[in-house]
Every structure is written in structure tokens, then in C-alpha cells.
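Chain by chain, the residues:
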Amino acid sequence: QQLQQQQSKAPKESETSTPMVPPQQAAPPMTHEDSAILSVAAVDVAVGAIASLARQGLLTAEREAELIQMALQRHPDLLVLARHYATVDSAKFLQLSQYIMPSSTVVAPAADTTPDAIVIGSGLAGMAATLNILDRGGKVILLEKEHLLGGNSGKASSGINACCPDSDFAQIQKDSVDLFRNDTERSAGASVRPDLIDVLVQNSGSAVEWLRERAGVDLSLKAQLGGHSAKRTHRPSNGMAGAEIIYGVQKAVKTYQASGQVTILTDSKVTQLLQKDGRVVGVEYVSTLEGDDTAAKKLYSDNVILATGGFAADRSSGSYLSQYRPELLKMPTTAGAFSTGDGIGLATVLGAGRVDMDKVQVHPTGWVDPAEPEKKSKILAAELMRGVGGILMNDQGERFCNELGTRAYVTSQMLSHNPEYAQTQKWNIEAPIPTFSLVLSSSAALDGKKHVDLYTHKGLLKRVEGVGALAEWMNLPKATVIKTIQKYQAAAKAGSDEFGKTSFRGVAQEDLESEVFYAGRVTPVLHYCMGGITIDTEGNVLNEEGKVIPGLHAAGEVTGGVHGDNRLGGNSLLECTVYGSLVGQKIPVKSRNSGSSMSPTETTDTTASSSSAQERTVTKSELAKHNTPKDCWVAIHGTVYDLTSFAPEHPAGPESIHVLAGKDGSEAFEAVHNTGILEEVFEDIIGKLVEDDDGPAETTEEAMTTPPTSEEKITSSGKPSEPTMQEQVKDDAPVAPKNGMESQPSISSFFWKSRS
């Protein structure tokens with residue numbers, strides 16, 4: 001009766017967005033004469049609601065079992081609660097059910113019933129914020145509208161900038177925080193925000209150290225990208241930057257799942273931010289799964305963090321792209337289809353300010369796939385391709401720019417091949433998008449070996465032997481191509497060229513007939529949105545008057561102002577790490593009950609669980625039979641995996657998995673990831689690959705742990721090469737251990753597309 005009175009007095013949903021305040025004193029057990037309340041139908045409603053909450057990850061296994069037991073025993077209080085809330089507001093049912101215990105008494109809620117923060121978006125910004133809160137003992141609910149985590153961060157390929165985590169190397173390079181700041185401000189142009197940039201560069205060194213030490217990411221290689229005055233862009237020696245960083249941080253976050261400290265809800269799109277008395281107090285979200293319940297659900301927290309990314313893939317009527325840069329609507333993009341500016345819209349409804357919304361970065365080099373040249377979604381030809389020595393040539397076989405200039409500069413030089421743009425500096429939406437040749441020498445290809453292997457495997461780069469073959473591929477006279485390359489060789493010896501280039505690496509060898517080139521077609525692509533919602537230096541969201549919106553925070557591409565007119569290559573992953581971490585470190589964390597388990601799960605021994613699969617052998621003939629989308633086995637470094645269920649969830653699309661069905665996919669895997677990931681994936685293993693005569697497979701036991709290097713592939717012709725960039729930076733600090741925190745990630749961490 002007391003509970004029913006409280007429900008009748010409680011304000012309606014339209015009047016409040018906060019959970020009901022529980023009674024201060026326990027009430028005696030209630031009795032019920034109404035048999036309908038104790039009917040099988042009532043039990044069915046309660047069990048259904050509990051099962052739904054458990055599937056969403058909102059209940060621990062222990063609490064699920066406890067509630068199910070109470071429902072089956074026809075606990076009157078629980079059945080009354082389910083009758084009034086389970087089918088109307090499951091989130092409210094979850095909140096109120098915590099007051100019901102098997103003793104039939106209504107108790108005060110535990111101190112840790114609501115999360116310290118709700119994080120929207122699972123890219124690096126959202127993951128960094130989440131992990132920083134978890135490491136401080138906080139609780140987080142992480143929502144992601146896609147089925148897989150990682151967002152565009154997982155595609156980043158060029159690396160992450162920092163100055164200067166390795167002081168000795170910085171001294172050799174004569175790099176400094178001031179120099180880094182100057183490069184970033186110069187790229188930002190007239191829209192520069194020195195306060196936001198200062199936070200970015202001052203925290204860059206500690207950001208890379210945090211990724212190394214806390215997430216165990218190898219960031220030992222360095223390159224000098226366009227617009228930079230020194231080598232300060234860090235990347236792994238054993239994989240692609242974004243994939244490795246997201247994998248490491250995501251794995252660290254997931255170690256907190258078992259304790260209930262973090263709840264990850266995928267396929268969950270936030271549709272509204274809830275506000276009370278001017279403060280953001282929660283979110284409303286819906287499931288994006290086909291056939292799932294589409295009813296809106298509510299979650300509450302004193303702090304909501306937006307990390308939803310940009311809007312470069314939204315070409316719909318009324319989109320931000322159509323409002324601010326309509327002339328770019330027909331350009332291809334590297335952004336995932338999910339990049340639709342959701343977070344900007346959510347914040348704008350509450351009066352958040354927006355800044356630099358017309359500043360949309362057009363990256364100069366997106367790959368033109370020969371198989372699908374008109375496809376609007378492109379894979380990025382990473383900045384690194386030019387950083388290691390790749391040169392750009394137009395259809396006349398001529399260079400036309402300093403390849404190490406800023407993205408804005410190189411793009412402008414490309415688009416200026418259109419006479420109208422050259423005169424007006426405004427792009428005509430009806431004009432054809434120009435394409436160009438990106439050419440690397442053998443030594444340049446060695447420096448970018450991981451990228452070259454990946455792009456070659458995807459058919460985006462072509463290996464050609466000799467300048468004659470290169471000229472034939474470019475459909476140009478051999479003499480024209482020789483003249484351009486020899487002119488570049490002479491400029492490299494002189495130390496500068498006509499475009500102001502002073503740093504030359506990966507220059508073709510003198511004997512052009514015996515040189516091995518790697519060449520592909522590239523075109524300008526929409527890549528990044530510098531504009532977004534306004535924030536201060538702590539990541540607080542500001543309204544149109546520049547005042548803080550209490551309870552609302554943001555980090556990453558959803559924000560504006562950090563990059564000004566043009567983002568410097570390598571600063572995206574840095575922004576996500578720095579501002580995501582700053583927001584995560586400032587969120588207040590509630591005091592928890594001493595009995596609560598608020599620590600990451602330690603490594604469990606999974607060797608036994610995988611032993612039976614490893615003992616089984618799979619011949620190449622047997623592997624070849626499992627070659628369809630509905631029966632897709634793939635061998636990777638001597639081990640056969642069943643990727644049937646994973647393929648539809650593959651971020652790059654199922655086709656690139658299905659094409660490997662029944663085959664050895666080691667080369668495709670190795671181009672993106674390191675073997676360390678394979679060592680942790682046991683549930684998908686079928687067995688060990690062997691020859692049909694039961695002899696040793698082509699992939700030896702040694703190859704399973706130490707795959708062939710990319711240098712071996714690139715130099716298979718036996719031609720000598722220059723020392724690689726990797727060899728020149730071996731003095732970097734060793735990678736720190738992963739703090740002993742391991743989990744069993746799905747093989748869905750694999751095979752990412754590339755986006756810098």
C-alpha cells in the first residue's frame with residue numbers, strides 16, 4: 001500500500017527525468033488478495049522483463065537469478081512492480097526493482113545504483129573517457145548505435161602525434177612542444193583556438209605514454225607527416241595505429257564487465273538527452289536491432305559524455321553537410337556510414353553552441369579502387385604514404401606540389417587542376433573529381449611496409465618493376481616519367497625543389513630500369529569535420545552564450561574548435577586520447593559499498609579450453625570445402641578459424657572475409673594486425689592446418705608465432721634496400737606490459753579499413 005501511494009504521488013515522466021527517491025524507512029511486507037497479481041500471466045510479464053534487462057547487460061548474473069527466483073515464487077512486491085512498469089518503462093522497472101529483496105522488505109538503494117557517467121560513442125574518445133573513469137573506481141554505461149565498437153578511430157592509419165615522450169629522440173630531431181604548437185596553430189589558420197591547442201600539445205607526451213603503459217600499445221615507430229616540422233607521429237611496428245589502439249583500450253575497458261562496473265550497450269541509439277532544472281541527468285535511447293523492441297528506454301546519470309564523431313558521411317537533405325558545405329555533397333568520403341552528426345544534434349536541442357561547422361577537411365588522397373572506381377566510400381591512402389617518400393603526379397606525368405605540405409595545401413593544388421577552382425577557389429558540385437597517381441619507390445615502400453602490404457592486398461597499390469612498366473601503368477610515354485623522376489632525384493640532392501620541399505626520403509634509386517615501384521590512383525575525399533559543439537579546455541559543453549551546460553561533456557570529432565580551419569595529420573587520435581582522458585579524469589566518482597567488486601578481471605587460463613581445438617588437424621582439402629558465406633573457414637598462420645558468424649559484422653564488409661573462405665588468410669591478416677591478437681582468440685578455433693598427406697603445412701609452427709616480415713615480401717626480388725624507418729628508431733622506449741589484464745576478445749577485432 002505504501003509503495004502504491006508513492007507511485008500515485010510520484011510526478012509523471014513529462015515532469016521529471018530523475019529516478020524516484022526511495023523511502024527512508026523499510027516497510028512491512030505487503031499482502032495481496034487480488035489473485036490476478038499472482039497469476040501465471042503476471043509471472044510471465046515479470047520474467048520477460050527480467051530476461052530483457054539481462055540480455056541488455058543491465059543485470060549481473062547473480063541479480064538476474066535472484067529476480068527470476070522471486071518471480072517464480074510469486075513475490076507479490078515484484079509482481080506488482082512488473083504489472084505497472086515492466087511493459088511501460090523497463091528502465092524505471094530496473095531502478096525500482098533494486099528496492100525489492102527476497103525478505104519482502106523495501107530497502108534503501110545501494111550507493112552504486114546509478115552510473116557515474118553515461119558515455120555515448122565507442123571510438124577512442126569515448127573509450128578513453130570510460131577507461132579513466134573505471135580506473136578511478138567509477139561505474140559507466142557505454143552506448144554505441146553500431147553493432148561493433150571502435151567507430152572511425154579503428155580505421156585510423158597514419159598514427160598519433162606526440163611531443164615528446166622519448167626525449168632523446170626529440171633532441172635528435174630538434175623537436176619541442178613549442179614547435180609542435182606552432183605547427184598545429186599554423187594549420188588551424190584564422191580559426192585557431194590557442195587555449196584548446198595548448199591543452200592538446202601539452203598533454204600529447206603523456207597521452208602516448210598512457211596508451212603504451214595502460215593499453216599496451218606498441219607506438220615505437222615515428223614518421224614526419226605533412227605540415228610537421230619533425231618526426232613526431234607515432235605508430236605501431238606490428239599493425240595499423242587505429243586498430244591496435246582501439247583493440248588495446250577496448251580490451252582494458254572490457255576487463256571491468258564481469259564486475260558490473262561497466263555496461264556496454266551496442267545497437268543502442270540515443271535519441272534525446274534528459275534534462276532537469278538546467279542539468280543533463282540522463283538519456284533516452286532505442287534499439288537499432290531489426291525486430292527488437294523499438295520502445296524508448298531511459299538511463300540516468302549526473303554526467304553524460306558525448307563522443308559520437310562527425311558528420312562527413314551524411315548526404316541527406318537537411319544534413320549538416322548540406323547546410324554548411326553543399327558543394328562537397330558529391331565528393332567521396334572515408335568516414336563510416338555512421339558519421340551523421342548525432343551528438344551535435346542532441347546537444348543543439350539543449351542550446352549548445354556550434355563552431356566552425358563549415359570547416360570540413362578534404363583529404364588529398366583517398367584510394368580509387370580499380371574494381372569500383374565510382375564508389376563513394378573510399379579507403380584512405382594514409383598520410384604516411386607521402387611521409388615515407390611517395391610522390392604525386394598528374395595525368396601529364398608531372399609533380400605539382402610539396403607532398404609534405406598540409407592537407408589543405410595539397411588538396412588545393414589538386415583541385416586547382418580544375419580551371420574554375422583555380423580562379424575562384426570554390427568547388428563546383430557538378431565538376432568531375434580529379435584523380436592522380438601516387439608512386440612509391442622500393443625504399444619508400446619498405447618504410448611504410450604495413451600500409452603497403454595492406455593496400456597491395458586490397459588491390460589499391462600495384463607493384464611494377466622498372467620505369468617502363470610504371471609508364472605503361474600510367475599510360476604515359478616512358479621519357480615523360482623518367483624526366484619527372486630524375487628531376488626529383490636532382491632536387492633531393494640539392495636539398496630543395498621548386499615547391500619548397502626540403503625533406504626527401506624514399507627517393508628512387510639511380511637505375512630506374514631495375515627499381516621496383518608501387519603505384520595507385522588517388523582522389524580528394526571528405527575526411528574529417530573540424531566543426532562541432534563548443535567546449536572549454538576541460539571538455540565541458542558550452543551553450544550559445546559560452547556558459548557551461550551542467551552535466552554535459554564532449555570529446556573527439558563531435559566537438560569544434562580544437563583544429564581550427566584544418567586538422568594536422570595525426571592530431572585526431574591525439575585529440576580523442578587527450579580530451580577523452582581529461583573528461584574521464586574530472587567526472588566525480590561515487591563512493592561504493594565495500595562489498596562491491598570494482599576491479600578488473602584478471603587473466604584466466606584458457607589454454608585448456610583451446611587444447612582440444614589445437615589437437616584437431618584440418619587438411620587443406622578439408623579447409624577448401626568450407627568456402628561459402630554460410631560456411632566460412634579461414635586459416636591464419638597455421639590455425640583454422642570459423643568466421644561464418646563474424647563475417648556479417650566485419651567493419652570493412654563481409655566480402656573481404658568471404659573472399660578468403662576455404663583459403664589461407666595469413667597475408668591479409670598480417671597486413672593489419674599482429675599475432676598477439678590471435679593468441680587470445682580461442683572460441684573460434686577449428687584446429688591446426690596440415691598438408692593433405694598429414695605432413696607439415698606450408699605455415700610452419702615457427703611462422704605461427706613469428707610471421708614473415710613485410711620486408712621479405714617487398715624485397716622478394718632480392719634487390720637491396722635502404723635502412724627502414726623502423727631500424728632508425730629502434731632506440732624508442734620498450735613497450736610496457738599490459739598490467740596483467742587480459743580478456744578474450746572476439747575475432748571481430750580483426751581486418752579493419754584504414755582512416756587516418
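Scroll up for the structure.
This report concerns the structure included in the present document. (Residues numbered from 1 in each chain as written. Predicted model: local features only at pLDDT ≥ 70, side-chain atom pairs only at ≥ 80, totals over all residues. Heavy atoms only, no water.)

Of the regular secondary structure elements, the protein holds 29 helices and 26 strands. The buried share among the 756 residues of the protein stands at 58%. Restricting to contacts in the protein with at least 6 residues of sequence separation, those with at least 24 account for 75%. For the protein, the accessible surface area stands at approximately 30,000 Å², while carbon and sulfur atoms represent 50% of it. (Helix = DSSP H or I, 4+ residues; strand = E, 2+ residues; numbered from the N terminus. Buried < 20%, exposed > 50% of the residue type's maximum accessible area, 1.4 Å probe, protein only. Contact = heavy atoms within 4.5 Å. Areas by Shrake-Rupley, 256 points an atom, 1.4 Å probe, with all protein chains shown as cover.)

Our focus in this paragraph is the packing of helix α8 (residues 177–188) against helix α9 (residues 194–202). Interaxial distance between α8 and α9 falls to 10 Å at its minimum, and their mutual angle equals 140°. Taken together, the axis directions place α8 and α9 in an arrangement best described as oblique. Crossing angle aside, the handedness with which α8 passes α9 is right-handed. Every residue of α9 that contacts α8 at Val177, Phe180, Arg181, Thr184, Glu185 and Ala188 is listed here: Pro194, Ile197, Asp198, Leu200, Val201 and Gln202. Here the residues of the contact of α8 with α9 are counted per class, giving 7 nonpolar, 2 polar and 3 charged. (Axes fitted to C-alpha atoms, helices over the stretch in contact; angles between N-to-C directions. Parallel < 35°, antiparallel > 145°, perpendicular 65-115°, else oblique. Left-handed = near helix turned anticlockwise from the far one by under 90°. Nonpolar A, V, L, I, M, F, W, Y, C, P; charged D, E, K, R; others polar.)

As a further point, take the pairing of strand β26 (residues 685–690). Of all 6 residues in β26, 5 are buried; the element is thus mostly enclosed. In terms of strand pairing, strand β21 (residues 617–619) meets β26 through 3 bridges, oriented parallel. Residue pairing in the sheet places threonine 619 in a bridge with valine 690 of β26. Strand direction decides the pairing type here: strand β24 (residues 639–642) and β26, joined by 3 bridges, are antiparallel. If you follow tyrosine 641 over to β26, its bridge partner there is isoleucine 685. (Pairing = 2+ DSSP bridges.)

Attention shifts here to the sheet that holds strand β8 (residues 279–287). What links the strands of a sheet is backbone hydrogen bonding, and the strands pair in either a parallel or an antiparallel sense. Strands sit in the order β7-β8-β9 across an open sheet of 3 strands; the sheet is antiparallel. Strands at the two margins of the open sheet, each flanked by one partner only, are β7 (268–276) and β9 (297–300). Averaged over all neighbouring strand pairs, the angle between strand axes comes to 30°, with direction disregarded. The sheet contact formed by β8 and β9 spans 4 bridges and is antiparallel. Of the residues in β9, the one forming a bridge with tyrosine 285 is lysine 297.

Here we come to the pattern of salt bridges. Inspection of every chain in the model, using the stated rule, returns 30 salt bridges. In this structure, aspartate 183 and arginine 232 form a salt bridge, with 2.8 Å as the shortest nitrogen-oxygen distance. Of this pair, aspartate 183 sits in helix α8 while arginine 232 sits in the loop between β4 (221–223) and β5 (233–235), and the two are 49 residues apart along the sequence. Note on arginine 232: relative accessible area 1%, which makes it buried. A salt bridge links arginine 616 to glutamate 622; its shortest N-O distance comes to 2.7 Å. For glutamate 622, a relative accessible area of 24% translates into the label partly exposed. It is possible to trace a salt-bridge network through shared partners that takes in Asp175, Asp183, Arg186 and Arg232. (Salt bridge = Lys/Arg side-chain N within 4 Å of Asp/Glu carboxyl O.)

Strand order in the open sheet formed by 3 strands is β11-β17-β20, and the pairing between neighbours is mixed. Bordering the open sheet on either side are β11 (354–355) and β20 (559–560), each of which pairs with just one other strand. Inspection of the sheet shows strand β17 (residues 532–534) paired to β20 by 2 bridges, in the parallel sense. Residue pairing for β20: threonine 534 is matched across the bridge by glycine 560.

All right, on to the side chain of asparagine 543 then. Mapped onto the fold, asparagine 543 is located in the loop between β18 (540–542) and β19 (548–554). Excluding anything up to four places from it in sequence, asparagine 543 contacts Gly351, Ala352, Gly353, Thr534 and Ile549.

In this structure, asparagine 566 sits in the loop between β20 and α21 (571–586). The buried category is assigned to asparagine 566, whose relative accessible area is 7%. When neighbours within four sequence positions are excluded, asparagine 566 is seen to be in contact with Ser187, Ala188, Gln361, Thr406, Arg407, Ala408 and Met530.

Before going further, it helps to spend a moment on helix α6 (residues 124–135). Counted at 1.5 Å a residue, the expected span for α6 with its 12 residues is 16 Å, and the 16 Å between its end C-alpha atoms agrees. For α6, the buried fraction is high: 11 of the 12 residues fall into the buried class. Inspection of α6 places Leu124, Ala125, Gly126, Met127, Ala128, Ala129, Thr130, Leu131, Asn132, Ile133 and Leu134 among the buried residues, and these make up the whole buried set. One or two positions beyond α6, positive phi appears at glycine 137, with a value near 90°. (Expected span 1.5 Å × (residues − 1).)

Another aspect to go through is the state of the cysteines. All told, the structure shown has 1 disulfide when counted by the stated rule. With a sulfur-sulfur separation of 1.8 Å, cysteine 163 is cross-linked through a disulfide to cysteine 164. Note on cysteine 164: relative accessible area 27%, which makes it partly exposed. (Disulfide = S-S within 2.5 Å.)

Any two aromatic rings considered together are summarised by their centre-to-centre distance and by the angle between their planes. For the structure shown, the criterion picks out 5 aromatic pairs. With centroids separated by 5.0 Å and ring planes inclined at 40°, the aromatic side chains of phenylalanine 400 and phenylalanine 436 adopt a geometry described as tilted. Placement of phenylalanine 400 in the loop between β13 (391–393) and α15 (407–415) and of phenylalanine 436 in strand β14 (residues 436–440) is noted, with a sequence separation of 36 residues between them. Note on accessibility: phenylalanine 400 and phenylalanine 436 belong to one class, buried. (Phe/Tyr/Trp six-rings, centres within 6.5 Å; stacked < 30°, edge-to-face > 60°.)

Here we come to the pairing of β8. Strand residues, when the strand is regular, have side chains that alternate between the two faces of the sheet. Counting buried positions over the 9 residues of β8 gives 8, a clear majority of the element. Taken together, the 8 bridges between β7 and β8 define a ladder with antiparallel strand orientation. Paired with lysine 269 across the two strands is valine 286, which belongs to β8.

The residue aspartate 277 is located in the loop between β7 and β8 in this model. Residue aspartate 277 is classed as exposed on the basis of its relative accessible area, which comes to 75%. Sequence-wise, aspartate 277 and proline 550 are 273 residues apart; in three dimensions their C-alpha atoms are separated by 9.8 Å.

Here we come to the environment of isoleucine 245. You can see isoleucine 245 is positioned in helix α11 (residues 241–254). Residue class for isoleucine 245 comes out buried when judged on its relative accessible area of 1%.

Another aspect to go through is unusual backbone geometry. Across the junction of cysteine 163 and cysteine 164, the peptide omega takes the value -5°, indicating a cis bond. Structurally, the position occupied by cysteine 164 is in the loop between β3 (160–161) and α7 (167–173). Its identity is not glycine, yet arginine 74 carries a phi of approximately 55°, on the positive side.

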